[in-house]
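# Understanding the architecture of this molecule
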Amino acid sequence: MAGSSLAGIPYGTGQGPEIDDMLVAIVERLRARKLRLAGAIQHNTDGGDRCRCDMTLEDLATGQRIDISEKRGPQSQGCRLDSFALEASVGLVMQSLSESRDIVVINRFGKREAEGHGFRQIVEQAMEQGVPLLVAIAEGQWQAWQDFTGGYAQQLPVDADAVLAWCESAALGHADAAVIARTETTTV
């Protein structure tokens, strides 16, 4: 939906690291434009002897980073997400929403969010506050995202320039609406 203040970037299997890198670059550009950010992006680092990288979430309001990877051996299989660390990151982002923000960027609407956990409450809070929100969604969670948002969210391509253009437009529209709302309250 054009003009939506909610957007998702669907991505395919194996594109997770590309999406993470794209969101890091987009956040750098949004910060350079002095936008007030909330949310979390993922930084991936070499896992050493493990075959997969370590995951760190950065709180966009404070810059604080939280390691969300369980440290398991090189032969380990399955999910390596530290759910407690993820929820700690969610708590930081929730605190930042108590102040005015121009846009919220969330690195994933994944399995935890589809089940009602993780960053789902951040998405709900941003929607309630009318703050534009951008989130990446793995193809396996796209239907859960559609069900959760009622199909209201705009779908964006995996293209940094298109995503940045949406972010700037959404943040500007949000700022204009806030100015109008303040003007209306002071003239009443």
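All of the points below concern the structure found in this document. Worth saying up front: this structure is predicted, and the values here are computed from it rather than measured.

With that settled, the discussion passes to the sheet that holds strand E2 (residues 37-45). Reading across the sheet, the 7 strands line up as E4-E3-E2-E5-E6-E1-E7 and stay open at both edges, with mixed pairing between neighbours. Either end of the sheet is taken by a strand with one partner, and the two such strands are strand E4 (65-67) and strand E7 (154-155). Pairing of strand E5 (residues 103-106) with strand E6 (residues 133-138) involves 3 bridges; the strand directions are parallel. Its bridge partner lying in E6, Val104 is registered against Leu133.

This brings us to the packing of aromatic side chains. One pair of aromatic rings is described through two measures. These are the centre distance and the angle between the planes. Evaluated as defined, the whole model comprises 3 aromatic pairs. When the ring of Phe109 is compared with that of Phe148, the centres are 5.6 Å apart and the planes differ by 20°; the resulting orientation is stacked. Of this pair, Phe109 sits in the loop between E5 and helix H3 (111-114) while Phe148 sits in helix H5 (residues 142-149), and the two are 39 residues apart along the sequence. The exposure classification of Phe109 matches that of Phe148, with both residues buried. Judged by centre distance (6.4 Å) and plane angle (50°), the rings of Trp145 and Phe148 are tilted. One end of the pair is Trp145 and the other is Phe148, both in helix H5 and 3 residues apart, which spans about a single turn. Accessibility assignment for this pair places Trp145 and Phe148 in one class, buried. An aromatic cluster is built from Phe109, Trp145 and Phe148, whose rings are joined through pairwise contacts.

Looking now at unusual backbone geometry. Residues other than glycine seldom take positive phi values, yet Lys34 does so here, at roughly 65°. Tracing the sequence through the fold places Lys34 in the loop between helix H1 (16-32) and E2.

Here we take up the side chain of Glu113. Counting through the fold element by element, Glu113 comes out in helix H3. Despite its burial, Glu113 remains without a salt bridge, the nearest opposite charge being carried by Arg112 at 6.7 Å. Polar contacts involving the side chain of Glu113 include one to the main-chain amide nitrogen of Gly110, which spans 2.8 Å. Residues contacting Glu113, with those up to four places away along its chain left out, are Arg108, Gly118, Phe119 and Arg120.

This paragraph deals with helix H4 (residues 120-129). Along H4, the positions that sit buried rather than exposed are Arg120, Ile122, Val123 and Ala126. Each buried residue of H4 sits inside an arc of 160° when the element is viewed along its axis, so together they form one side. Packing partners of the buried residues in H4 comprise helix H2 (83-96), E5, H3, E6 and H5. Just downstream of H4, Gly130 is the residue with a positive phi angle, here 75°.

Moving on: the nonpolar core. With 28 residues, the main nonpolar core has Val104, Ile106, Phe119, Ile122, Leu133, Val135 and Trp145 as its most contacted residues. Those elements that place two or more of their residues in this core are E2, strand E3 (54-59), H2, E5, H4, E6 and H5. Among all residues touching Val135, those that are not within four sequence positions of it are Ala7, Gly8, Ile9, Ile106, Arg108, Phe109 and Trp145. If you look at the next biggest cluster of nonpolar residues, it comprises 23 residues, including Ile19, Val24, Val105 and Leu156.

Another point: the pattern of salt bridges. Applying the stated rule across the entire model yields 9 salt bridges. The salt bridge partner of Arg36 is Asp102, with a shortest N-O separation of 2.7 Å. Highlighted residues: Arg36 in the loop between H1 and E2 and Asp102 in the loop between H2 and E5, separated in sequence by 66 residues. Under the relative-accessibility criterion, Asp102 is labelled buried at 7%. Across the salt bridge formed by Arg101 and Glu99, the nearest N and O atoms sit 3.5 Å from each other. Using a relative accessible area of 12% as the deciding quantity, one classes Arg101 as buried. According to the relative accessible area criterion, Glu99 is exposed, its value standing at 53%.

Thresholds, definitions, all that
- Residues numbered from 1 in each chain as written.
- Predicted model: local features only at pLDDT ≥ 70, side-chain atom pairs only at ≥ 80, totals over all residues.
- Heavy atoms only, no water.
- Pairing = 2+ DSSP bridges.
- Helix = DSSP H or I, 4+ residues; strand = E, 2+ residues; numbered from the N terminus.
- Phe/Tyr/Trp six-rings, centres within 6.5 Å; stacked < 30°, edge-to-face > 60°.
- Buried < 20%, exposed > 50% of the residue type's maximum accessible area, 1.4 Å probe, protein only.
- Lys, Arg positive; Asp, Glu negative; His and termini not counted.
- Salt bridge = Lys/Arg side-chain N within 4 Å of Asp/Glu carboxyl O.
- Polar contact = N/O pair within 3.5 Å; in protein donor to acceptor, adjacent residues only side chain to side chain.
- Contact = heavy atoms within 4.5 Å.
- Arc of directions from axis to C-beta.
- Core = buried A, V, L, I, M, F, W, Y, C linked by side-chain atoms within 4.5 Å.

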